[in-house]
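The primary structure of each chain is shown beneath.
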Amino acid sequence: MNRCVLSGISYYLPPETLTNEKLAEETKGWTAEKIYQKTGIKQRHCAGSELVSDMAVNAGKLFFEEWSIKPSSIDMLLLCTENPDYFLPSTACIVQDRLGLPHSCGALDFNLGCSGFVYGLALAKGLIHAGEVENILLITADTLTKHIHNKDSSTRTLFGDAAASVFITKGDTGPSLGRFIFGTDGKGFRNLMIPAGGMALPRSPETAIERTDDKGYLRSPNNLFMNGPEIFNFSLKTVPRAAEQILAREQLSQEQIDLFIFHQSNTFMLETLRRAMKIPEQKFYINMENFGNTVSSTIPIALINARDEGKLKEGDLVMLIGFGVGYSWGATILKWADFPLSRK
Amino acid sequence: MTDLEKINLIANALDIMDTDLTEGTELNSFKEWDSMGIVSIMAMFDRSFAMILSVDEIQQFRTLGDIMARMNEE
């Protein structure tokens, strides 16, 4: 089997931001400071008129500019998104063309959210191990803020838009991919969804009708809906078990893990998990102040920031767990080594 | 745990500053009793009592007394 490693991560943030100050002006009750205390977030980036293809292309271009890798070397593009430009074709095909990837490159979308980056790594590893390709560009991109009602503070305070670009290649030098565990529980699908717009409930004048829920949040079936307490409950039950499973698979103990990078859902959730799992603060990475919850991009963004902040050293074991919409979850442990290529 | 300690635990979890809280105080009288508040109470039960309450159960609570009674069951 061929070994594979990560070889560079870049990310793109759209320029428009939604700050706590602006949120506080628009919603009654919470001050900017209170929003920060409750969520750990100071600002979120908003895609505005950018589509997922635009965001993915921007992340890809940034990647090729920052790292010494040519578009012509890519033989597979995996695009993780829940907001494709069209039902068909795959947005990845559009991105292939605009990034100038070769015609010999495969390209496909896969639709996962919070667990998407971990699944993307697993798909990449499978393709490389099987000897089918050698150089994979995994891009995560979402524009969830477009689906959030501006009077629904249950979601508006939390989510931001971003795209991340990660290169996974056959080789021995760099952070190596280990085993994975996966999980799904479709009974939870209604707790984090956009009800209208797909084939189950096409958009119509009826789906645009807004209603205030029992907690005072306003939205229509066209908007993102999140049952915060159910998601919290799911996360508290699932994430510790996922950690145990991947540790057992790799025959490691929790104490041997040097850094934990979980999907950055919100600070309150992360802190509750950290305490429940008895992970020391210095080993638990939280970095979402300036981004919010960017769905499948939270883990790659956190990983490159942790690396740039000097929090990772050669040989460190890094546990990644993605969990959320679906319900879907996945976990893996990277063995850290610095990227074989340096930034330009 | 005394009743006052239980009320303080709940008030801290919900980030409520009011000082005249009693068992009969209605949860709907606080703007903090929103989805974040429900999550905070779930976290409090998990942290302080090692109990994971279901969302349905927490949504049945009407007063501070309801929450305090559930603490007694531990």
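In case you missed it, the structure is sitting above this.
As the structure is a computational prediction, the values presented were derived from the model and not from experiment.

S.K.: Lay out the overall build of chain A in plain terms, naming residues and giving numbers.
M.R.: When helices and strands are counted, chain A shows nine helices and 15 strands. Over its C-alpha trace chain A gives a radius of gyration of 19 Å, about what one expects of a compact globule, namely 20 Å for 344 residues. In terms of principal-axis extent, the alpha carbons of chain A reach across some 55 × 45 × 35 Å. Burial status across chain A gives 58% buried among its 344 residues.

S.K.: Outline the packing of helix α7 (residues 228-250) of chain A against helix α8 (residues 267-276) of chain A, listing residues and values.
M.R.: Residue and element names in this part refer to chain A. Following both chains from N to C, one finds α7 and α8 inclined at 40°, their axes separated by 10 Å at the closest point. Regarding the angle of α7 to α8, the classification is oblique. For the pair α7 and α8, the crossing hand works out as right-handed. Contacts between α7 and α8 pair F232, S235, L236, V239 and P240 from the former with F268, M269, T272 and L273 from the latter. In the contact of α7 with α8, the residues fall into seven nonpolar, two polar and no charged.

S.K.: Give a description of the environment of L252(A) that names residues and reports values.
M.R.: Residue and element names in this part refer to chain A. In this fold, L252 is placed in the loop between α7 and β13 (259-262). Here L252 falls in the partly exposed class, since its relative accessible area comes to 23%. Sequence separation between L252 and C93 is 159 residues; the distance between their C-alpha atoms is 40 Å. Residues within four places of L252 in sequence aside, it is in contact with L247, I257, L317 and I333.

S.K.: Account for the packing of helix α1 (residues 3-14) of chain B against helix α2 (residues 35-49) of chain B, with residues named and values stated.
M.R.: Residue and element names in this part refer to chain B. Interhelical geometry of α1 versus α2 gives an angle of 130° and a closest axis separation of 8 Å. For the element pair α1 / α2, the angle class is oblique. Pair α1 / α2 crosses with right-handed handedness. On α2, the residues that touch L9, I10, A13 and L14 of α1 are G37, S40, I41, M44, S48 and F49. Within the contact of α1 with α2, the residues separate by chemical class into seven nonpolar, three polar and no charged.

S.K.: Residue-level account of the nonpolar core, with values.
M.R.: F262(A), M319(A) and I41(B) are the most contacted members of the largest nonpolar core, which has 66 residues in total. Setting aside its immediate chain neighbours within four residues, I41(B) contacts I10(B), A13(B), L14(B), W33(B), I58(B) and I67(B). Judged by nonpolar contacts, the second largest core, of 60 residues, contains A56(A), W67(A), F180(A) and I261(A).

S.K.: Residue-level account of the interface of chain B and chain A, with values.
M.R.: Taken residue by residue, the interface counts 19 residues in chain B and 19 residues in chain A. Both sides of the chain B and chain A interface together cover about 1700 Å² of buried area, and 64% of this is carbon and sulfur. Where chain B packs against chain A, one counts two salt bridges. Taken together, chain B and chain A are joined by one residue pair in polar contact (both at pLDDT 80 or more). Among the elements that make up the side of chain B that touches chain A, the one with the highest residue count is α2(B) (nine residues). Of the residues that constitute the side of chain B that touches chain A, the class distribution is 10 nonpolar, three polar and six charged.

S.K.: Any details on a nonpolar patch on the surface? Residues and values, ideally.
M.R.: Residue and element names in this part refer to chain A. Where nonpolar side chains cluster on the molecular surface, the patch consists of F87, L88 and M199 and spans about 450 Å² of accessible area. Of note, L88 is situated in the loop between β4 (76-80) and α4 (91-99). Here L88 falls in the exposed class, since its relative accessible area comes to 67%.

S.K.: Before we move on, can you summarise the packing of aromatic side chains with the specific residues and values?
M.R.: Residues and elements named next belong to chain A. Using the criterion set out here, one finds 13 aromatic pairs over all chains in the structure. Centre to centre, the rings of Y119 and F182 are 5.1 Å apart; their planes meet at 50°, and the pair counts as tilted. Of this pair, Y119 sits in helix α5 (residues 116-129) while F182 sits in strand β8 (residues 176-184), placing them 63 residues apart in sequence. By relative accessible area, F182 is classed as partly exposed at 46%. The structure contains a cluster of three or more aromatic residues connected by ring pairs, namely F63, F64 and F167. Note that K42 overlies the ring of Y36, its terminal NZ or CZ placed 5.1 Å from the centroid.

S.K.: Summarise the pattern of salt bridges; cite the residues concerned and give the values.
M.R.: Residues and elements named next belong to chain A. For the structure on display, the rule yields 19 salt bridges over all chains. R219 is paired through a salt bridge with D213; the nearest N and O atoms lie 3.0 Å apart. By relative accessible area, R219 is classed as buried at 11%. Of the charged contacts, one joins R274 and E271 as a salt bridge, the two residues approaching to 3.1 Å between their closest N and O atoms. A residue pair is termed a helical-turn pair when its members lie 3 or 4 positions apart in one helix, as R274 and E271 do in helix α8 at three residues.

Rules behind the numbers
- Residues numbered from 1 in each chain as written.
- Chains lettered and ligands numbered in written order.
- Predicted model: local features only at pLDDT ≥ 70, side-chain atom pairs only at ≥ 80, totals over all residues.
- Heavy atoms only, no water.
- Helix = DSSP H or I, 4+ residues; strand = E, 2+ residues; numbered from the N terminus.
- Rg over C-alpha atoms; globule rule 2.2 N^0.38 Å.
- Buried < 20%, exposed > 50% of the residue type's maximum accessible area, 1.4 Å probe, protein only.
- Axes fitted to C-alpha atoms, helices over the stretch in contact; angles between N-to-C directions.
- Parallel < 35°, antiparallel > 145°, perpendicular 65-115°, else oblique.
- Left-handed = near helix turned anticlockwise from the far one by under 90°.
- Contact = heavy atoms within 4.5 Å.
- Nonpolar A, V, L, I, M, F, W, Y, C, P; charged D, E, K, R; others polar.
- Core = buried A, V, L, I, M, F, W, Y, C linked by side-chain atoms within 4.5 Å.
- Buried area = accessible area lost by both parts, 1.4 Å probe.
- Salt bridge = Lys/Arg side-chain N within 4 Å of Asp/Glu carboxyl O.
- Polar contact = N/O pair within 3.5 Å; in protein donor to acceptor, adjacent residues only side chain to side chain.
- Patch = residues over 30% accessible without salt bridge, like charges linked within 9 Å, V, L, I, M, F, W, Y side chains within 5 Å.
- Areas by Shrake-Rupley, 256 points an atom, 1.4 Å probe, with all protein chains shown as cover.
- Phe/Tyr/Trp six-rings, centres within 6.5 Å; stacked < 30°, edge-to-face > 60°.
- Lys NZ or Arg CZ within 6 Å of the ring centre and 35° of its normal.

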